[in-house]
Amino acid sequence: MAEADGNGGLNRWSLKGMTALVTGGTKGLGHAVVEEFAELGATVYTCSRNEAEFNKCIHEWEIKGYKVFGSVCDASSRAEREKLMSNVSSLFNGKLNILINNVGTNVVKATEEYNEEDFSFLMATNFESAYHLSQLAHPLLKASKAGSIVFMSSVCGVVSVTGGSIYGATKGAMNQLAKNLACEWAKDNIRTNSVAPWFIRTPLADTVLSNKEYLEEVYSRTPLRRLGDPMEVSSLVAFLCLPASSYITGQIICVDGGMSVNGFYPRHD
Ligand SMILES: NC(=O)c1ccc[n+]([C@@H]2O[C@H](COP(=O)([O-])OP(=O)(O)OC[C@H]3O[C@@H](n4cnc5c(N)ncnc54)[C@H](OP(=O)(O)O)[C@@H]3O)[C@@H](O)[C@H]2O)c1
């Protein structure tokens, strides 16, 4: 059984010397996580599909002095995931401290309207990619002797929200996977947790929040009466990967302005 190393002091709040793979790092939450990790001293590998945006980000990170590397990869493809992990393994000498399964997307429809393609696309992008990348990362995380996986889930995997039943199911599956792996891989000193945000200002969220009526509904369901900022999610993701959180595993933590514990729909202010 792994014991706490008793390493007190400020080192508990640093990722110096650690390596991380963050999928989908060029926009939104993934971008915030890459920057948070780099600020905390980690060396980061990331990926995304759009080559021009990817190169622009890498260039900006270089200017900021961050140690961020990566490659273009579609995380919904099994072959590309294998190539991605092989790149990571070569760069980090077969070891990895942190895997952030961040890639995910949504197609919002009523359940009766979803077709086979919608189902396969969302399952492959949101759940299968996270499942397979965790499998591929296992030997690297184990070799690091202190591994951590964070699943970028959603409150939609914890409570029901209007529409998006496939999305909710993929996020619920990630939450359960975090619990299973926490127990299965504890022997390898790998911790696994899920972070479950409600609406955070990102390009993905903006596609639905441009609907003013829906935005009002979101505010009315959120006790803090505002959307979240990507940095309010990346701080929790970072915490879950720091030595400071070394006794936390198998948890699903909501970053939601209180949405998931709000029992009332109508505004009460
Ligand atoms: N924003 C929210 O309100 C919110 C709330 C709850 C949960 N989440 C979850 O948080 C995660 C990130 O969401 P976000 O809002 O930051 O999304 P986003 O703004 O769309 O950013 C997604 C990032 O992932 C990359 N990406 C998307 N599909 C990919 C694929 N198949 N392979 C590789 N890279 C891919 C994108 O770049 P390319 O397009 O170039 O590939 C981009 O860098 C998702 O899992 C989402 O479900 C978000």
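These figures come from a predicted structure and were not determined experimentally.

**Describing the packing of aromatic side chains**
Any two aromatic rings considered together are summarised by their centre-to-centre distance and by the angle between their planes. What the rule picks out here adds up to 4 aromatic pairs. Between W13 and F239, the ring centres sit 6.1 Å apart and the planes meet at 25°, which makes this aromatic pair stacked. With W13 in the segment before β1 (19-23) and F239 in helix α8 (residues 230-241), this residue pair connects regions lying 226 residues apart in the sequence. Relative accessible area serves as the criterion here: at 40%, W13 is assigned to the partly exposed category.

**Topic: the site of the ligand**
Neighbouring the ligand are 28 residues; T26, R49, N102, Y167 and T202 lie closest to it. The backbone of G104 places a nitrogen or oxygen atom 3.4 Å from an oxygen atom of the ligand. In this structure, Y167 approaches the ligand through a side-chain N or O atom, which is 2.6 Å from an oxygen atom. Given that more than half its atoms are within 2 Å of the pocket grid, the ligand belongs to the largest pocket. Taken together, the elements giving at least two residues each to the shell around the ligand come down to α1 (28-39), α5 (165-184) and α6 (203-209). Counting residues per element, the shell around the ligand draws most heavily on α6, at 3 residues. Taken together, the residues of the shell around the ligand break down into 13 nonpolar, 11 polar and 4 charged.

**Some thoughts on helix α2 (residues 51-64)**
Look at α2: 20 Å from first C-alpha to last across 14 residues, which is about the 20 Å you get at 1.5 Å a residue. At its buried positions, α2 is contacted by α1, β2 (43-48) and β3 (68-72). Where α2 starts, the residue carrying a side-chain oxygen 3.1 Å from the main-chain nitrogen of A52 turns out to be N50. Phi for G65, located one or two positions after α2, is positive at around 85°.

**A short note on the environment of I100**
For I100, the location among the structural elements is in strand β4 (residues 98-101). Residue classification places I100 among the buried residues on the basis of a relative accessible area of 0%. When the C-alpha atoms of I100 and A146 are compared, they prove to be 15 Å apart, with 46 residues separating the residues in sequence. Setting aside its immediate chain neighbours within four residues, I100 contacts L21, V22, T23, V33, F37, V150, V237 and C241.

**Overview of the pairing of β1**
Judged by how many residues are buried, β1 sits mostly within the fold: 5 of 5 residues are covered. The side-chain alternation of β1 yields two buried faces, one formed by T19, L21 and T23 and the other by A20 and V22. As paired elements, β1 and β2 share 5 bridges and run parallel to each other. Bridging across to β2, T19 finds its partner in T43. You can see the chain leave β1, run along α1 and come back into β2, and the turn it takes is right-handed. One ladder, built from 3 bridges, connects β1 with β4; its direction is parallel. Bridge pairing in β4 links V22 to I100.

**Focus: the environment of T202**
With respect to the secondary-structure elements, T202 resides in the loop between β6 (190-197) and α6. Under the relative-accessibility criterion, T202 is labelled buried at 10%. The sequence separation of T202 and D229 amounts to 27 residues, and the corresponding C-alpha distance is 8.3 Å. Excluding its chain neighbours within four sequence positions, the residues that come into contact with T202 are G28, L29 and P230.

Parameters and conventions
Residues numbered from 1 in each chain as written. Predicted model: local features only at pLDDT ≥ 70, side-chain atom pairs only at ≥ 80, totals over all residues. Heavy atoms only, no water. Phe/Tyr/Trp six-rings, centres within 6.5 Å; stacked < 30°, edge-to-face > 60°. Helix = DSSP H or I, 4+ residues; strand = E, 2+ residues; numbered from the N terminus. Buried < 20%, exposed > 50% of the residue type's maximum accessible area, 1.4 Å probe, protein only. Near = heavy atom within 4 Å. Polar contact = N/O pair within 3.5 Å; in protein donor to acceptor, adjacent residues only side chain to side chain. 1 Å grid on protein atoms, 1.4 Å probe; cavity = no way out; pocket = protein on both sides within 12 Å on 5 of 7 lines; lining within 4 Å. Sits in = over half its atoms within 2 Å of the grid points. Nonpolar A, V, L, I, M, F, W, Y, C, P; charged D, E, K, R; others polar. Expected span 1.5 Å × (residues − 1). Contact = heavy atoms within 4.5 Å. Pairing = 2+ DSSP bridges. Right-handed = clockwise from strand over helix to strand, strands pointing away.

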